[in-house]
Amino acid sequence: MGSIIQKLIRIMPIILLFMLVFVDRENKLYVVGFLGLLFIYTIILVSRILYAKKIWHKEFNDENYANDDSILKMKDLIEKFDK
């Protein structure tokens, strides 16, 4: 089930592009459906970005790395992670 949803989200821009071209703009139901799908897709993308940001800050804001004086550049931090 989860992989089907991931595949659907992955091809959603193509679906939305075809809908933008082929949707009958005179039929309000089609327009509302297209806009609803577009807003749902946008909400999914924004929530995935915010979740990735939360995980990033949780993973890399460790107290051990914040107080380490040997880390001056991002390269130093990457070397610490590799160890």
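Here, every reference points to the structure presented above.
The structure presented is a predicted model; accordingly, all values stated were derived computationally and were not measured.

**What to know about the nonpolar core**
In this structure, Ile9, Met12, Leu16, Phe34 and Tyr41 together form the largest nonpolar core, which totals five residues. By residue number, the principal contributor to this core is helix H1 (residues 2-22), which donates three residues. Non-local contacts of Phe34, meaning those with residues more than four positions away in its chain, are made with Leu16, Met19 and Leu20.

**Looking at a nonpolar patch on the surface**
Residues Leu8, Ile11, Ile14, Leu17, Phe18, Leu20, Val21 and Phe22 make up a contiguous nonpolar surface patch of about 820 Å² in total accessible area. By relative accessible area, Leu8 is classed as partly exposed at 42%.

**Regarding the environment of Met12**
Within the fold, Met12 resides in helix H1. A C-alpha to C-alpha distance of 9.1 Å links Met12 and Leu38, two positions 26 residues apart in sequence. When sequence neighbours within four positions are dropped, the list of residues in contact with Met12 reads Leu37 and Tyr41.

How each quantity is defined
Residues numbered from 1 in each chain as written. Predicted model: local features only at pLDDT ≥ 70, side-chain atom pairs only at ≥ 80, totals over all residues. Heavy atoms only, no water. Core = buried A, V, L, I, M, F, W, Y, C linked by side-chain atoms within 4.5 Å. Buried < 20%, exposed > 50% of the residue type's maximum accessible area, 1.4 Å probe, protein only. Helix = DSSP H or I, 4+ residues; strand = E, 2+ residues; numbered from the N terminus. Contact = heavy atoms within 4.5 Å. Patch = residues over 30% accessible without salt bridge, like charges linked within 9 Å, V, L, I, M, F, W, Y side chains within 5 Å. Areas by Shrake-Rupley, 256 points an atom, 1.4 Å probe, with all protein chains shown as cover. Salt bridge = Lys/Arg side-chain N within 4 Å of Asp/Glu carboxyl O.

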